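Residue-level structure breakdown
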Amino acid sequence: MQLTTVPLAANQAGRIALALGPHRWLKSPCFFGVWIRGAVDPALLGRALDQLVRRHSALRYRIDPDRQMAVCEPPDGWPLRIADLRGSDVPTRLAAELDALRAPFPLGSAPLRRAVLVRCTDTLALLGIAVDHIVFDGASVSPFLRDLERLCGGAPDVDGPDVDGPDVDGSDVDGSDVEGSDVEGSDVEGSDYTTFGAREAAWLSGPDGTAGLAYWRRQVPAAGPFSTGPLRRDGPARPAVHWSRDITTAHRRPFVPLVAALTRALRRRQPDAPLGLVFPISRRVWPGTRHAIGYYNNRVYLELPHDPSPDSLLPSVREAVSRALQHSVVPFEALLPPDEYDRRPAAPYLFLNVTDDPRSPALPGAETEFTWLTPGGVPATIHGITLICLVRPTGLMLDAVYDPGRVDGPALESVLEETATMMAGVR
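Starting from 1, residues in each chain are numbered consecutively following that chain's sequence as written. Whole-chain, interface and lining totals are the exception, using all residues; otherwise, since this is a predicted model, local features are given only for residues with pLDDT of at least 70 and side-chain atom pairs are given and counted only at 80 or more. Only hydrogens and water are set aside when side-chain values are computed; all heavy atoms of the structure are taken into account.

**Brief notes about the overall build of the chain**
Numbering of helices and strands starts at the N terminus; helices are DSSP runs of H or I of at least 4 residues and strands are runs of E of at least 2. Scanning the chain from terminus to terminus reveals 10 helices and 14 strands. Relative accessible area decides the class of each residue, using a 1.4 Å probe on protein chains only: under 20% of the type maximum gives buried, over 50% gives exposed, and in between gives partly exposed. Among the 427 residues that make up the chain, the fraction classed as buried is 53%. All accessible areas in this document rest on Shrake-Rupley with a 1.4 Å probe, and a residue is counted as covered only by the protein chains that are shown. Carbon and sulfur atoms form 52% of the exposed surface of the chain, whose accessible area is close to 18100 Å².

Here it is, written out as structure tokens:
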């Protein structure tokens, strides 16, 4: 079988550069789990994992760092390792199993996936999954679990990608807050990531892609990465600090009010400095991509308004978000020259992510519960401050992870506390 190569976006290539550079920094994989209470059939789970590898080409990638390409290997199955902890010191051995699951994948290794079934008692087990972040984004977890459920429930085996027909979803933010977020009139299939990459490249050669790329060539130098100003420190790296707070009970994704509150809190401390916010938006705006597995994240810059007055701030932020979303489908990371776009700026930057918990898969004869398997020591990015807005049925939680050697923790947490106070009234 002939191997297929897939170009890497600059965000993926940047991780290769970090791994090969002086920091030798490997990003942790995307790891998650499903607690299973009741009957557990390892053979059934193993067959489902094998079929997932056949169905989704991204799960078969290995990275060629020299050529900065992903190479799609032929289907070779996905072994499910069994760890039987029954009758032992379960907490200690479970922690060791999870540490092994979460370990970064060595650069150039293959396969870039792990699976372990940890049997804790006769009626309780944990299915743990880890996939290298360079080929698997967080939004891939939901279609992964959906397919796992279908395959364990008796869905027929297939040899190619699962295609559910057109499914256009404009963004990871609430459409009621953002206008112009959908891509209309597209007939491009994107249900398999390898196919998506080829079709996207063809789209970029047309008038829409050319116009979108021109837009980002104008915008990126003006906005640039967020400079943390007085939040910055220049000390040596230290263990990461994790800050977390429930900030609103709103049962939706109030992304625009959150950006407005964050902007106002930051502007109180540096009213005249140019500020920009980096946040990921899913490239799952193509038909089929919402149900696909692969690296569909992109980075979008927002230049934050200077005027922090309540009357003008929210409309200004809404306009900036809407304008960015209209052009978000362009993979500008891969196409803009390095002197115009550097995802690893020397100064710290602020990165905002909006996500929610995937639905637990239904498995025969068992109750299940999804878990992100968050480690005890959450790693910080090399230079940045990572903010995660976790959308839950009970409201919105804001998490921050930062390196106190590079970021002024008290100043940052003061900004976050003020943001949480302003968000408390959002409904």
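That covers the picture; the talk isn't over yet.
**Topic: the packing of helix α2 (residues 42–55) against helix α4 (residues 141–152)**
Axes here mean lines fitted to C-alpha atoms, for a helix over just the part in contact, with angles spanning 0 to 180 degrees between N-to-C directions. The N-to-C vectors of α2 and α4 enclose an angle of 125 degrees; their axes lie 9 Å apart at closest approach. Here α2 lies oblique to α4, going by the angle between them. When the axes of α2 and α4 are compared, the crossing they make is right-handed. For the pair α2 and α4, the contacting residues are L44, L45, A48, L49, Q51, L52 and R55 in the first and F144, D147, L148, R150, L151 and C152 in the second. For this classification, under 35 degrees means roughly parallel, over 145 means roughly antiparallel, 65 to 115 means roughly perpendicular, and everything else is oblique. What makes a crossing left-handed is the near helix being turned counterclockwise from the far one by less than a right angle; a clockwise turn instead makes it right-handed. We call two residues contacting when some pair of their heavy atoms lies within 4.5 Å.

**Description of helix α3 (residues 90–102)**
Here α3 spans 18 Å end to end across 13 residues, near enough to the 18 Å set by a 1.5 Å rise per residue. For α3, every residue scored as buried is listed here: V90, L94, E97, L98, L101 and R102. Viewed along the axis of α3, the buried residues span an arc of 130 degrees, placing them on a single side of the element. Where α3 is buried, its residues touch β2 (30–38), β5 (81–84), β6 (113–119) and β7 (124–131). A helix is expected to span 1.5 Å multiplied by its residue count minus one. The arc under discussion is defined with respect to the helix axis, by the directions toward the C-beta atoms.

**So, the confidence of the model for the chain**
Low pLDDT means the predicted atomic positions in that stretch should not be read closely. The predicted model of the chain has a mean per-residue pLDDT of 75, with 72% of residues at 70 or higher. For every residue, the predictor reports its confidence as pLDDT, a number between 0 and 100. Throughout residues 221–226 the model reports pLDDT below 50, and contacts reaching past four residues in sequence, or to other chains, amount to 20 contacts. In this model, residues 330–348 is a region of pLDDT below 50 whose contacts with residues beyond four sequence positions or in other chains number 66 contacts.

**Observations regarding the pairing of β7**
Most of β7 sits inside the fold, with 7 of its 8 residues counted as buried. In short, DSSP must find at least two bridges between two strands for them to pair. Of the strand pairs in this sheet, β2 and β7 are connected by 8 bridges, and their pairing is antiparallel. Bridging across to β7, W35 finds its partner in L126. Where β6 lies against β7, 7 bridges are found, and the strand directions are antiparallel. Across the sheet, the residue bridging to R113 is V131, located in β7.

**Description of the packing of helix α7 (residues 255–267) against helix α10 (residues 409–423)**
Where α7 contacts α10, the two axes come as close as 9 Å, and the packing angle between them is 135 degrees. In terms of axis orientation, α7 runs oblique to α10. For the pair α7 and α10, the crossing hand works out as right-handed. Facing P257, L258, A261, L262, R264, A265 and L266 of α7, the residues of α10 in contact are V415, E418, T419, M422 and M423. Of the residues that constitute the contact of α7 with α10, the class distribution is 9 nonpolar, 1 polar and 2 charged. Under the convention adopted here, Pro, Cys and the residues Ala, Val, Leu, Ile, Met, Phe, Trp and Tyr are nonpolar, Asp, Glu, Lys and Arg are charged, and Gly plus all remaining residues are polar.

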